[in-house]
Amino acid sequence: MWSNLWPKLGAVVLAVAIWQLIVWSGWRPQSALPGPWPVLERLAGDLRNLDFYAGIGMTLRRAALGYAIAAGAGTVVAILIARVKLARRAVGSLLVGLQSMPSIAWFPLALLLLQRSEGAITLVVLMGAAPAIAAGLLSGIDQVHPMLIRVGRAMGADGLRLYRHVVLPAALPAFVGGLKQGWAFAWRSLMSAELLVVAGNQTSIGTQLQLARNLLDTQQLLALMIVIFVIGVVIDSLFGAVDRSVRQRWGLLGGEA
Amino acid sequence: MSNVMALSDKHALSVERLTVAFPHGDQVMLALDGATFEVKRGEFVCVVGASGSGKSTLLNVLAGLDRPSGGRAHVHGRVALIFQESALLPWLTAAGNVELALELRGVKASARQKVAHELLNRVHLAGFERRRPHELSGGMKQRAALARALAQEADVLLMDEPFAALDAISRDLLHEELERIWTESHLTILFVTHNAREAVRLGDRVIVLTSRPGRVAHEVPIDLPRPRSLDSPELAVIAGRITDRLKHEMSNGR
Ligand SMILES: Nc1ncnc2c1ncn2[C@@H]1O[C@H](COP(=O)(O)OP(=O)(O)O)[C@@H](O)[C@H]1O
Ligand SMILES: [Mg+2]
């Protein structure tokens, strides 16, 4: 536990030290680039403010909504593609293309089509996460060891029961990998979209970030960046923990456990 | 047809001129070419053949996993198949694997745990119910696979080199275990191996396959009293003769 934590703490200390050194070097005036201490003070102040949590809450709600739809859609699409041979060849390469396309490119179209910015944001998050999730599950299904399929069939499982008891569990580690990657894409897409949305009384993290820039409030800007960073790290490490426990259960971890 | 019906009382499985071809480039390659034999109810029959002689293919066809290209393979009753590499589902515990076989057979959820426990007990895996496959030794995995096959309540047990990857001591123990389970039950066993001594140790009869493609070259009834020892000189003599025959077949197959 501690041996895991030390290197991470060290990295944080190092990053803060470099930041402080840059500030001390006088490269930019303190008003443009404040040091770590005033930023942390500002962050502490923000964290005592309920509105700040409302903003984080709004951003996380959007992420959760888009991601949940992406997880559902990605799963269904992957299973359909896996079941229909022809669809696999057609849609398989499409999926790869979609995965490498920055989903923010969907945003202008989404704004025109959906008019409401909430729907557009959800769509961007969805298009960011769904291809990675579908691709993860699909590669998991593709890579199920043929022996396991034979085992299932020899036990009398066929069709849906084979899927439920053998194929999907066997594909789970790859699926979790896809979910993890999908989350990373969703979070990035959401930040891009929130920066672009210019709507009235919204307090989402992205909007606040944009606002801080417009007000030349770099302390707030850096405080928000820290929040975005921490949220990303925390959720990513949750996925990491799930990933490890699945791989552990599936016997996929080497001697390192 | 009526002939087949008449046989079905006595026979647990029959293989008639069984041919299986696989595509090989733009040609076909025969894995089995007209294999014919029968196994009586309750009989323990071993099939020996060099690697590539179509042993696994034979079992896969009997288990309904592969289709014959010609001839027929028929099993009277339910079959269970045990594979060489441990084919336990890695995400389920030993008990979970057995319980899944019970579930797929339609056993009620409330009864599964108890039955799985009894079956694991029968193969001497009591206390290892909650272990996952990667936490079991090779021998224990094959015991669990045996329990899972028993959970299928099959009439015919097909075994594909199940002990080939085990150390000598585990294999000895599993031979005894399997023989005991067979004696206590009405199981018919078709046991495939490339090891002539193992075949003579276990079988009432040993069927020797030709090499590439497989056909029945030879059948040897084994009249040695049970339990047999893998190291007994009588067994070694018979096994030696079968091994010579196998070598002969292999040099023909080249
Ligand atoms: N699914 C398959 N596709 C193509 N060739 C196969 C397949 N299964 C087996 N074969 C071939 O059939 C022959 C017999 O294989 P197998 O039944 O596995 O032999 P054994 O179990 O006796 O070693 C081998 O030459 C093998 O390469
Ligand atoms: Mg084989």
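Residues numbered from 1 in each chain as written. Chains lettered and ligands numbered in written order. Predicted model: local features only at pLDDT ≥ 70, side-chain atom pairs only at ≥ 80, totals over all residues. Heavy atoms only, no water.

A. Structural view of the overall build of chain A. Assigned secondary structure in chain A consists of ten helices and zero strands. Secondary structure elements in chain A, listed N-terminal to C-terminal, are α-α-α-α-α-α-α-α-α-α. Along the three orthogonal principal directions, the C-alpha set of chain A runs to about 70 × 50 × 30 Å. A burial count over chain A gives 41% of its 257 residues as buried. At a minimum sequence separation of 6, the contacts of chain A that also span at least 24 residues come to 73%. Across chain A, 21 positive and 11 negative side-chain charges occur, with their mean positions spaced 11 Å apart. (Helix = DSSP H or I, 4+ residues; strand = E, 2+ residues; numbered from the N terminus. Buried < 20%, exposed > 50% of the residue type's maximum accessible area, 1.4 Å probe, protein only. Contact = heavy atoms within 4.5 Å. Lys, Arg positive; Asp, Glu negative; His and termini not counted. Charge placed at Lys NZ, Arg CZ, Asp CG, Glu CD.)

B. Main features of the domain arrangement of chain B. All names here are of chain B. The domains assigned to chain B are domain 1 (3–77 + 155–252) and domain 2 (89–152). Here domain 1 and domain 2 have C-alpha centroids that lie 26 Å from each other. Of the residues lining the interface, 14 residues belong to domain 1; the matching set on domain 2 comes to ten residues. Counting the surface lost from both domain 1 and domain 2, the interface buries some 910 Å², and carbon and sulfur atoms represent 66% of this. In terms of surface lost to domain 2, no three residues of domain 1 exceed Leu 174, Glu 177 and Ile 181, which account for 45% of the buried area on that side. (Domains from an automatic or database assignment. Buried area = accessible area lost by both parts, 1.4 Å probe.)

C. Structural context of the side chain of Thr 188 of chain B. All names here are of chain B. Its place among the elements puts Thr 188 in strand S7 (residues 188–193). We classify Thr 188 as buried; its relative accessible area is 3%. A distance of 2.9 Å separates a polar side-chain atom of Thr 188 from the backbone nitrogen of Gly 42. Beyond its immediate chain neighbours, meaning those up to four positions away, Thr 188 contacts Ala 12, Val 39, Lys 40, Arg 41, Gly 42, Glu 43, Asp 155, Val 156 and Leu 157. (Polar contact = N/O pair within 3.5 Å; in protein donor to acceptor, adjacent residues only side chain to side chain.)

D. Examining unusual backbone geometry more closely. Residues and elements named next belong to chain B. Following Arg 226, the chain continues into Pro 227 via a peptide bond in cis, with omega recorded as -10°. One can find Pro 227 in the loop between strand S9 (216–221) and helix H8 (233–253). The phi angle at Glu 153 is positive, at roughly 50°, despite the residue not being glycine. The residue Glu 161 is not glycine, and still its phi comes out positive at about 40°. Looking at the element boundaries, Glu 161 is found in the loop between strand S6 (156–160) and helix H6 (168–184). Note on Glu 161: relative accessible area 10%, which makes it buried.

E. Region of the structure containing the nonpolar core. Counting 150 residues, the largest nonpolar core has Leu 13 and Leu 190 of chain B as its most contacted members. Take this core: its biggest share by element is 15 residues, from helix H8 (residues 159–196) of chain A. If you count residues domain by domain, this core takes at least three from each of domain 1 (3–77 + 155–252) and domain 2 (89–152) of chain B. Apart from residues no more than four positions distant in its own chain, Leu 13 of chain B is found in contact with Phe 37, Glu 38, Val 39, Leu 62, His 74, Val 75, His 76, Val 156, Leu 158 and Leu 190 of chain B. (Core = buried A, V, L, I, M, F, W, Y, C linked by side-chain atoms within 4.5 Å.)

F. Expanded view of the sheet that holds strand S1 (residues 11–24) of chain B. Residues and elements named next belong to chain B. If you walk across this open sheet you meet the three strands as S2-S1-S4, and the pairing is antiparallel. Either end of the sheet is taken by a strand with one partner, and the two such strands are strand S2 (27–40) and strand S4 (70–75). Recorded for the sheet is a direction-independent mean angle of 25° between the axes of neighbouring strands. Note: S1 against S4, five bridges, orientation antiparallel. Bridge pairing links Thr 19 to Gly 70 in S4. Each of S1, S2 and S4 is contacted by helix H2 (residues 55–62), which is oriented at about 120° to S1, the strand it contacts most. (Pairing = 2+ DSSP bridges. Axes fitted to C-alpha atoms, helices over the stretch in contact; angles between N-to-C directions.)

G. Structural context of the packing of helix H6 (residues 117–142) of chain A against H8 of chain A. All names here are of chain A. Orientation of H6 relative to H8, taken along the N-to-C sense of each, is 150°, at an axis distance of 6 Å. The angle between H6 and H8 falls in the class roughly antiparallel. Both H6 and H8 take part in a crossing whose hand is right-handed. Taken together, the residues of the contact of H6 with H8 break down into 19 nonpolar, eight polar and no charged. (Parallel < 35°, antiparallel > 145°, perpendicular 65-115°, else oblique. Left-handed = near helix turned anticlockwise from the far one by under 90°. Nonpolar A, V, L, I, M, F, W, Y, C, P; charged D, E, K, R; others polar.)

H. Region of the structure containing the packing of aromatic side chains. Residues and elements named next belong to chain A. Throughout the structure, instances matching the rule amount to seven aromatic pairs over all chains. With 5.9 Å between their ring centres and 80° between their planes, Tyr 67 and Trp 183 make a pair best called edge-to-face. On the criterion of sequence distance, the pair formed by Tyr 67 in helix H3 (residues 50–83) and Trp 183 in helix H8 is long-range, its members being 116 residues apart. Following the ring pairs from residue to residue traces out a cluster consisting of Tyr 67, Trp 183, Trp 187 and Phe 239. Here the basic side chain of Arg 28 rests over the ring of Trp 27, its NZ or CZ set 4.6 Å away from the ring centre. (Phe/Tyr/Trp six-rings, centres within 6.5 Å; stacked < 30°, edge-to-face > 60°. Lys NZ or Arg CZ within 6 Å of the ring centre and 35° of its normal.)

I. Seen up close, the sheet that holds S6 of chain B. Residues and elements named next belong to chain B. In space, the six strands of this open sheet follow the order S5-S6-S7-S3-S8-S9, with mixed pairing throughout. Looking along the sheet, the strands with just one partner apiece sit at the ends: strand S5 (79–82) and S9. Sheet twist, expressed as the average angle between the axes of neighbouring strands with direction ignored, equals 15°. As judged from the five bridges shared by strand S3 (residues 44–48) and S7, these two strands associate in the parallel manner. In the sheet register, Phe 44 faces S7, and the bridge partner there is Ile 189. Strands in contact with H6 are S3, S6 and S7; relative to S7, the strand with the most contacts, it is inclined by about 155°.

J. Region of interest: the environment of Glu 129 of chain B. Residues and elements named next belong to chain B. Looking at the secondary structure, you find Glu 129 in the loop between helix H4 (109–122) and helix H5 (138–151). According to the relative accessible area criterion, Glu 129 is buried, its value standing at 12%. Through-space distance from the C-alpha of Glu 129 to that of Val 48 is 33 Å; in sequence the pair is 81 residues apart. When neighbours within four sequence positions are excluded, Glu 129 is seen to be in contact with Thr 93, Ala 94, Ala 95, His 117 and Leu 120.

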